[in-house]
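Observations on the model geometry
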Amino acid sequence: MVPVYKKVRLRFKKTGNAKFISHLDLDRTMKTVLTRAKVKVEHTHGYNPRPYLVFSLPTSVGTESLCEFLDIKVPEDTDISLIPEALNRNLPPDIRVLEAYIPESDFKEIKYAEYDITVISPVLSEELAEKTEALFKAPVIIEKRTKKTESGFMDCDITPNIYRLTAKYSDGKMLINTLVSAENATYMNPENVIKALDKYLDLDLSDPATCLYTVMRVAVYTNEKVNFM
Amino acid sequence: MFYKDTLLKQVLKPGRYTGGEYGQVIKDAAKVKCRWAFAFPDTYEIGMSNLGVRLLYGVLNKDDDVYCERVYAPWTDMEEQLIKYGLPLTSIETGTPLADFFDVFSIGEGEEALPEFSRLYIKMKKSGEYSRAAFLHEAAKLPGFYVPSLYDVSYNGDGTVKEYKPVYGDIPETVTKRIIGDLNTAYYPDMPVMPYIECVQDRITLEIMRGCIRGCRFCQAGMIYRPVREKDPVLLNEQAKRTYENTGYDEISLCSLSTSDYTGLRELTDGLLSWTDENMISLTLPSLRADSFTDELMKKISSVRTSTLTFAPEAGTQRLRDVINKNLTEEEVLKACRVAFAAGKTAVKLYFMIGHPTETDEDIKGIAELAKSVINCFYETENRPKGKPLVTISVACFIPKPFTAFQWEGQNTLDEYKRKQRLLGSFCNDRRIKYNYHDADGSLIEAVLARGDRKLCKVMKAACEHGMRFDAWTEYFDFGKWMSLFEECDIDPAFYANRERSVDEVLPWDIIDCGVTKSFFRREREKAYKGETTESCAENCAGCGANKLGGECRWCPSIKK
Ligand code: SF4
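Predicted model only: the values in this text are computed from it and were never measured.

Conventions adopted
- Residues numbered from 1 in each chain as written.
- Chains lettered and ligands numbered in written order.
- Predicted model: local features only at pLDDT ≥ 70, side-chain atom pairs only at ≥ 80, totals over all residues.
- Heavy atoms only, no water.
- Helix = DSSP H or I, 4+ residues; strand = E, 2+ residues; numbered from the N terminus.
- Buried < 20%, exposed > 50% of the residue type's maximum accessible area, 1.4 Å probe, protein only.
- Contact = heavy atoms within 4.5 Å.
- Areas by Shrake-Rupley, 256 points an atom, 1.4 Å probe, with all protein chains shown as cover.
- Near = heavy atom within 4 Å.
- 1 Å grid on protein atoms, 1.4 Å probe; cavity = no way out; pocket = protein on both sides within 12 Å on 5 of 7 lines; lining within 4 Å.
- Sits in = over half its atoms within 2 Å of the grid points.
- Nonpolar A, V, L, I, M, F, W, Y, C, P; charged D, E, K, R; others polar.
- Pairing = 2+ DSSP bridges.
- Axes fitted to C-alpha atoms, helices over the stretch in contact; angles between N-to-C directions.
- Buried area = accessible area lost by both parts, 1.4 Å probe.
- Salt bridge = Lys/Arg side-chain N within 4 Å of Asp/Glu carboxyl O.
- Polar contact = N/O pair within 3.5 Å; in protein donor to acceptor, adjacent residues only side chain to side chain.
- Domains from an automatic or database assignment.
- Points joined across faces, edges and corners; volume = space filled by probe spheres on them.

Broken down by element type, chain A carries four helices and ten strands. Scanning chain A from its N terminus toward the C terminus, one meets helices and strands in the order β-α-β-β-α-β-β-α-β-β-β-β-α-β. Along the first, second and third principal axes, the C-alpha set of chain A runs to 65 × 40 × 35 Å. When the 229 residues of chain A are sorted by exposure, 51% land in the buried category. A separation of at least 24 residues holds for 73% of the contacts in chain A among residues at least 6 apart in sequence. When the accessible area of chain A is evaluated, it comes to approximately 11600 Å², of which 52% is carbon and sulfur surface.

Spelled out as structure tokens, the structure:
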């Protein structure tokens, strides 16, 4: 008899050291974790069967996230309320599954992503925070990788894909909150914000003795600006 | 304040340095009595794949009052950053700096030896007897520990070693290798650390036996891991299952020097297949002898099923295969290829070495001829697949190694190696043969280092000071740099690589007793020159001497007390 499977969505966070895991490494980690946790999942058919794992838009290496999604398929009779704990027992401490549920939406419905960016540098000030906000009101040209040109690079204005950006200075830190496109065609990597600060405001953040920036994806939204589930 | 993350964002693969993996052991450093920094001299991805590291990390951390942390060599981009910001190299677990060099070597298998070393340290610390010098003196009395500073070396006028002399009367004159007597009761790492990033071997390594019953005369591993000890297949099956449940890996590699010689192979593979297939776990073998390659293995072992088959005849003619004691006939190679072709394969890969003792140009030609016979064999196989066969021959340069029958041999000169490589190229005039060969330059440097003595320390130091790193990685290997280092340090590479030693010369490694006796190596060398072969341990004990180390060995005769 062919077993019947149901789709289950896992929402998880990856913070701390886990931010340096690439998407490929995350994929491999999750595969072994599911086995360790004895969570049975459907495998692809064919010569080299692999577990069916579908991730929502991955964050880039270095970015933390509170809202990563992974769809798996488990046998119909699985009690999915037990899955988060089973997985968390077998995950490295910096990855935590927050919930498991039967999804009603599709990853394609994700349109926006919200990021908190924290910047630490001795040159920060309230004035710089104001300049940062002002910067993104006019075109911001960033060099992007492309297959379209011979050099492999192309200048792009990133502001059409930034819907909101606020910057506040407080206690030696600059806190940036931004809402950007998370759609396939216009996807905006939040690292571009850091690049723009370097290019337009001369904010070099490469010295580990004085500077740090962290990027955290805090939420993703659908077209209707409601939290994606 | 120092922001490590800012630095990590500027190097390749930051996951090499972060730690925090599942299975990492974290202890309170203030509460333990003995701390180890287990340093592996290569990158994280290689070190994490090493069974020995997994094993010793586990065995040391088993003791609650002992804390073992891991250290890997930083890649050159990370090293640059560390130097730029004046940072120390740290362990993965707690970030403790490393400072000193080697004081002591643990010789042989470490599962029992290293915990004893921890105990000695803790005992001396507690009783107040501890000083660096007193500790090293005591350590040198533990079986299997070599403390170089406690052995004086003197040299003859011609640069050869005169003698090794212990500084104290109460430490052994030679250091005997440690072995684990019964592998069935030994520690097995069933809960290794699970790396975040992709490593060289992301799989379960199941060590099924130690040592090798074959007596290939060029092979160091085949000698220094003797006596041959097998593990119980039922136990292995249980350990594999437990490790699978703890790791979630989907591949099990049956590991040993010659896996097809393991007497429990059928029972083990049957046992494994009873649960691995349904869990979609593949079984792989790292090495296979052509004479043991059968239809049955082909069906059971996924790596055999799916990848290109690789055999290692090592020499092109029967005469030379007898000299090196490979004990493999052309017919056996061809038979294995026929099985492979009949099962639908079109490509095989053959490994050879050039530069074996007594080699002539006929033997070089023999390599190409053996490849041609394999091609003919393809066309003679009735149910062969469609298409053309491809035989890849991969040819390395022989490097004489300590603790082998060929430890006295001079290596071919670079010119000779290059001539032989060209000669072989001229015989490989068939498009169905793909001829790969290794650079001879690297094998000269390896030959110097493989049989070096303490005089080479200054070369190693200079290499380090000149910023040479990761020389085993082709992108960093610079032959010219090595040659100028030798000159700078007044070292003649030919003295170490190309010089034939006299059989009664004191060899730098005579200070170590690996179990196999020097007289056995001498006998084997004489037989090599006569073209006589020696049977494997399974057929007949050749009296290598390793049985004196004891242990649960299937083949070794026990020593009469
Ligand atoms: S003592 Fe005999 S059987 Fe044992 S390893 Fe040596 S040659 Fe083989």
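All names here are of chain B. Around the ligand, a shell composed of R226, C537, C541, A542, G543, C544, N547, W555 and C556 is seen. More than half of the atoms belonging to the ligand lie within 2 Å of the grid points that define the largest cavity. Looking at side-chain class alone, the shell around the ligand contains six nonpolar, two polar and one charged residues.

Before going further, it helps to examine the sheet that holds strand 12 (residues 282-284) of chain B. All names here are of chain B. In space, the three strands of this open sheet follow the order 8-11-12, with parallel pairing throughout. Edge positions in the sheet fall to strand 8 (204-207) and strand 12, since each of these pairs with one other strand and no more. Ignoring which end each strand starts from, the neighbouring axes of this sheet average 25° apart. Pairing of strand 8 with strand 11 (residues 251-255), which is carried by four bridges, proceeds in the parallel orientation. What sits directly across from I204, in strand 11, is I252. Where helix 9 (residues 233-247) meets the sheet, its contacts fall on strand 8 and strand 11, and the angle it forms with strand 8 comes to roughly 165°.

A common way to express how large an interface is: the accessible area buried when the components associate. In this complex, chain B contributes 30 residues to the contact, which on the side of chain A involves 34 residues. Taken together, the two surfaces of chain B and chain A that pack against each other cover about 2600 Å², and 60% of this comes from carbon and sulfur. Measuring nitrogen to oxygen at the nearest pair gives 3.9 Å for the salt bridge that ties R28 of chain A to E198 of chain B. Where chain B meets chain A, there are nine residue pairs in polar contact (both at pLDDT 80 or more).

All names here are of chain B. By domain assignment, chain B separates into domain 1 (2-162) and domain 2 (306-496). For domain 1 and domain 2, the distance between their C-alpha centres works out to 34 Å. Tallying the contact residues gives 16 residues for domain 1 and nine residues for domain 2. Taken over both partners, the interface formed by domain 1 and domain 2 buries close to 1000 Å², and the fraction arising from carbon and sulfur atoms is 59%. If you look at where domain 1 meets domain 2, you find one salt bridge. Measuring nitrogen to oxygen at the nearest pair gives 2.9 Å for the salt bridge that ties R469 to E79. On inspection of domain 1 and its partner domain 2, the count reaches seven residue pairs in polar contact (both at pLDDT 80 or more). Those elements that place two or more of their residues in the side of domain 1 that touches domain 2 are helix 5 (76-84) and strand 5 (151-155).

For sheets, the rule is that strands pair by backbone hydrogen bonds, running either parallel or antiparallel. All names here are of chain B. Across the sheet, four strands lie side by side as 13-14-15-16; this open sheet has parallel pairing. Looking along the sheet, the strands with just one partner apiece sit at the ends: strand 13 (309-314) and strand 16 (433-437). Taking each pair of neighbouring strands and ignoring which way they run, the sheet shows an average axis angle of 20°. Pairing between strand 14 (residues 347-354) and strand 15 (residues 390-397): eight bridges, direction parallel.

Glancing now at the pairing of strand 8 (residues 162-170) of chain A. Residues and elements named next belong to chain A. As defined by bridge partners, strand 8 adjoins strand 9 (residues 173-181) across eight bridges and the pair is classed as antiparallel. Following the sheet pairing, L165 is matched in strand 9 by T178. Between strand 8 and the antiparallel strand that follows it, strand 9, lie two residues; D171 among them carries a positive phi value of about 60°.

Now for empty space enclosed by the protein. Residue and element names in this part refer to chain B. For the structure on display, the rule yields nine cavities of 30 Å³ or more. Considered as a void within the structure, the largest cavity measures approximately 130 Å³ in volume. Surrounding the largest cavity, 14 residues form its lining, R226, C537, C541, C544 and C556 being those nearest its centre. Counted by class, the lining of the largest cavity contains ten nonpolar, three polar and one charged residues.

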